[in-house]
Amino acid sequence: MATAGHAHSDSFQYQPALPIPNGKLCMWLFLSTEIMFFAALIGTYIVIRFGAPVWPFSHEVHLSEPIGAFNTFVLICSSVSVVLALEASRANRAGAAKGWIATTLALGVLFLGVKAYEYNAKFGHGIYPALPRSRMYEKPDLYFASAVRQRIQALRAEINAKGAENLTEQDQQRLQLLDEIAADPALGPDPTRASLTALALRIMPLGTAPGEEESHHAGLNDEHPWLKLPIVVPGGNMWASTYFTLTGFHALHVLGGLVVFALLLFMRLDAGKANFIENIGLYWHFVDIVWIFLFPLLYLF
Amino acid sequence: MSANASGETVVDPHAAEHGIGKYIAVFVALIVLTGASFFTYSSLWPFHDEPAVGRLFMMAVSCTKATLVMLFFMHLKWEANWKYVLTVPPAIMAIFIMLALVPDIGLRYRIASPKRRAFMAEPLDVASVEAGSHAADNGDQQHETGGEH
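Residues numbered from 1 in each chain as written. Chains lettered and ligands numbered in written order. Predicted model: local features only at pLDDT ≥ 70, side-chain atom pairs only at ≥ 80, totals over all residues. Heavy atoms only, no water.

1. Regarding empty space enclosed by the protein
Then step 1. Throughout the structure, instances matching the rule amount to two cavities of 30 Å³ or more.
Then step 2. Considered as a void within the structure, the largest cavity measures approximately 40 Å³ in volume.
Then step 3. Lining the largest cavity are V82(A), V83(A), L86(A), I277(A), E278(A), G281(A), L282(A), H285(A), F73(B) and H75(B).
Then step 4. Listed by contribution, the elements that provide at least two residues to the lining of the largest cavity are α3 (65-90) and α10 (274-300) of chain A. (1 Å grid on protein atoms, 1.4 Å probe; cavity = no way out; pocket = protein on both sides within 12 Å on 5 of 7 lines; lining within 4 Å. Points joined across faces, edges and corners; volume = space filled by probe spheres on them. Helix = DSSP H or I, 4+ residues; strand = E, 2+ residues; numbered from the N terminus.)

See below:
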């Protein structure tokens, strides 16, 4: 039928491919796979979150909603700066395009910086996705009590290793506090469900739902940060797994985008580079869209 | 001006459509919408007792924001019909995978075996602690207030 098609070329124009540059087609195909990748992760999160018997309040896992909202703002700003870089490049204003790319790079670094600060806050409270660093227990049971006992013994041994004559006044106070915690009925020979729960609440009080007044009662771990006692956060381990998986993969994508933006800084971003900027822009907007969904799902749900 | 696939510089036929003003308008809309979903967190939000209302609202806001970004920042508003070829199939797959997960993962705690129940997370039993502290004031044994293990 090629001859027929050739004969009627006025009415039928054969197109060998989609009417877009190959690079853009590849980027869109890649984004299609990325849509499925993140949809699987986010879908799994939603299914796990609503299938879970308990889910921690955001304050129990030290999530700060204002910080999350700020990071959303940062990413939206960076999306705008990429678009402005593309417009500048199309208009052949290479200098302006480079300026907008540099702005995007700075905003992306700021996003990752805030993310690192948030991760650090979790790590500082013993919230890790897995053992051995995670100090989270699902319920105040005997495993939890034994972990508390072991931690107290380890702290005692650490202080006593200095030798009795080298103990400072602070060390004495710490030993005294450890003795006092060790005398908790939950750590005795006959722990009950109520006493174990009381110990868990003494180490870390319950969080509050958004809209409720925050509890001013500080736990042992807050009053004495050196204790680092195991904590009970019902649902906390599943929360940590999903939180670190979702934000971690998103942060890796941000990092990948930043590498390309950094490389762009060494190029002349005139109209000849407009297609390239458009492609990395598409990727960056996709990363922004993923965060648009992650922010409410992780911080506000 | 723009360069096509073969590297020639050509005039962008849509240059006039992509005004900077449009981007600023979309940017402002995105900021306002982010504020709207953050509003559900504030104490002024009237539906704290009905979390489903807030969640539906936030998802509607997120979908609106994603649509704005796709239409204007990713230029899908001005693209030809190839955009459907590349976005609709993965979107369908994305919905399917989520539905496929529901029976396996989403419902696994509905009917949990005793073995799974033993390690399952459960809300802290604050009431038992309060009952326990009253009992301790009266000099009772802890065992009486402990409840089941």
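2. Here we look at the environment of Y41(B)
Then step 1. Counting through the fold element by element, Y41(B) comes out in the loop between α1 (20-39) and α2 (51-73).
Then step 2. Sequence spacing of Y41(B) and G54(B) is 13 residues, and the spatial spacing of their C-alpha atoms is 8.9 Å.

3. Comments concerning the packing of α10(A) against α2(B)
Two numbers describe a pair of packed helices, the interaxial angle and the distance between the axes.
Then step 1. One way to put it is that α10(A) packs onto α2(B) with a least axis distance of 9 Å and a crossing angle of 170 degrees. On the basis of their axis angle, the class for α10(A) and α2(B) is roughly antiparallel. Counting all contacts with α10(A), which are made through H285(A), D288(A), I289(A), I292(A), F293(A), P296(A), L297(A) and L300(A), the residues of α2(B) involved are M58(B), M59(B), S62(B), C63(B), K65(B), A66(B), V69(B), M70(B) and F73(B).
Then step 2. For the contact of α10(A) with α2(B), the class distribution of residues is 13 nonpolar, two polar and two charged. (Axes fitted to C-alpha atoms, helices over the stretch in contact; angles between N-to-C directions. Parallel < 35°, antiparallel > 145°, perpendicular 65-115°, else oblique. Contact = heavy atoms within 4.5 Å. Nonpolar A, V, L, I, M, F, W, Y, C, P; charged D, E, K, R; others polar.)

4. Some details on the interface of chain B and chain A
Then step 1. With 65 residues of chain B at the contact, the number on the chain A side is 77 residues.
Then step 2. There are three salt bridges connecting chain B and chain A.
Then step 3. In this structure, the salt-bridge partner of E122(B) is R193(A), at a minimum N-O distance of 3.0 Å.
Then step 4. Taken together, the connections running from chain B to chain A amount to 10 residue pairs in polar contact (both at pLDDT 80 or more).
Then step 5. Within the residue set of the side of chain B that touches chain A, elements represented by two or more residues are β1 (2-3), α1, α2, α3 (82-106), α4 (114-119), α5 (126-137) and α6 (143-146) of chain B.
Then step 6. Among the elements that make up the side of chain B that touches chain A, the one with the highest residue count is α3(B) (12 residues).
Then step 7. Split into classes, the residues belonging to the side of chain B that touches chain A amount to 38 nonpolar, 18 polar and nine charged. (Salt bridge = Lys/Arg side-chain N within 4 Å of Asp/Glu carboxyl O. Polar contact = N/O pair within 3.5 Å; in protein donor to acceptor, adjacent residues only side chain to side chain.)

5. Digging into the layout of surface pockets
Then step 1. Of the volumes computed, that of the largest pocket is approximately 920 Å³.
Then step 2. Together, 30 residues line the largest pocket, and I35(A), A39(A), F293(A), A91(B) and A94(B) are the ones closest to its centre.
Then step 3. Looking at the lining of the largest pocket, the elements that each hand over two or more residues are α2 (22-51) and α10 of chain A together with α2 and α3 of chain B.
Then step 4. Of the residues forming the lining of the largest pocket, the biggest block, nine residues, is contributed by α3(B).
Then step 5. Of the residues contributing to the lining of the largest pocket, the split by class is 26 nonpolar, three polar and one charged.
Then step 6. Here the lining of the largest pocket gathers at least three residues from each of two domains, domain 1 (1-79) and domain 2 (80-149) of chain B. (Domains from an automatic or database assignment.)

6. Here's the deal with the domain arrangement of chain B
All names here are of chain B.
Then step 1. Segmenting chain B into domains produces domain 1 (1-79) and domain 2 (80-149).
Then step 2. The interface is formed by four residues belonging to domain 1 together with four residues belonging to domain 2.
Then step 3. In total, about 330 Å² of surface goes out of reach between domain 1 and domain 2, with carbon and sulfur atoms giving 60% of it.
Then step 4. Our enumeration of links across domain 1 and domain 2 arrives at zero salt bridges.
Then step 5. Viewed at the interface, domain 2 and domain 1 are joined by two residue pairs in polar contact (both at pLDDT 80 or more).
Then step 6. Taken together, the residues that form the side of domain 1 that touches domain 2 break down as two nonpolar, no polar and two charged. (Buried area = accessible area lost by both parts, 1.4 Å probe.)

7. A word on a nonpolar patch on the surface
Residues and elements named next belong to chain B.
Then step 1. Side chains of Y84, V88, I92, I95, F96 and L99 sit close together on the surface and give an oily, nonpolar patch of about 610 Å² of accessible area.
Then step 2. Assignment of secondary structure puts I92 in helix α3.
Then step 3. Classification of I92 by relative accessible area gives partly exposed; the value is 41%. (Patch = residues over 30% accessible without salt bridge, like charges linked within 9 Å, V, L, I, M, F, W, Y side chains within 5 Å. Areas by Shrake-Rupley, 256 points an atom, 1.4 Å probe, with all protein chains shown as cover. Buried < 20%, exposed > 50% of the residue type's maximum accessible area, 1.4 Å probe, protein only.)

8. Description of helix α4 (residues 94-124) of chain A
Since the α-helix advances by 3.6 residues per turn, residues separated by three or four positions end up pointing in the same direction.
Then step 1. For α4(A), with 31 residues, the first-to-last C-alpha span of 45 Å sits near the 45 Å given by 1.5 Å per residue.
Then step 2. At the exit of α4(A) stands G126(A), carrying a positive phi of roughly 75 degrees. (Expected span 1.5 Å × (residues − 1).)

9. Brief notes about the pattern of salt bridges
Then step 1. Under the counting rule described, the total for this entry stands at 12 salt bridges over all chains.
Then step 2. Notably, a salt bridge pairs K139(A) with E122(B), separated by 3.6 Å at the nearest N-O pair. With K139(A) in the loop between β1 (136-137) and α5 (142-160) and E122(B) in the loop between α4 and α5, this residue pair bridges two chains.
Then step 3. Accessibility expressed as a relative area gives 11% for K139(A), which makes it buried.

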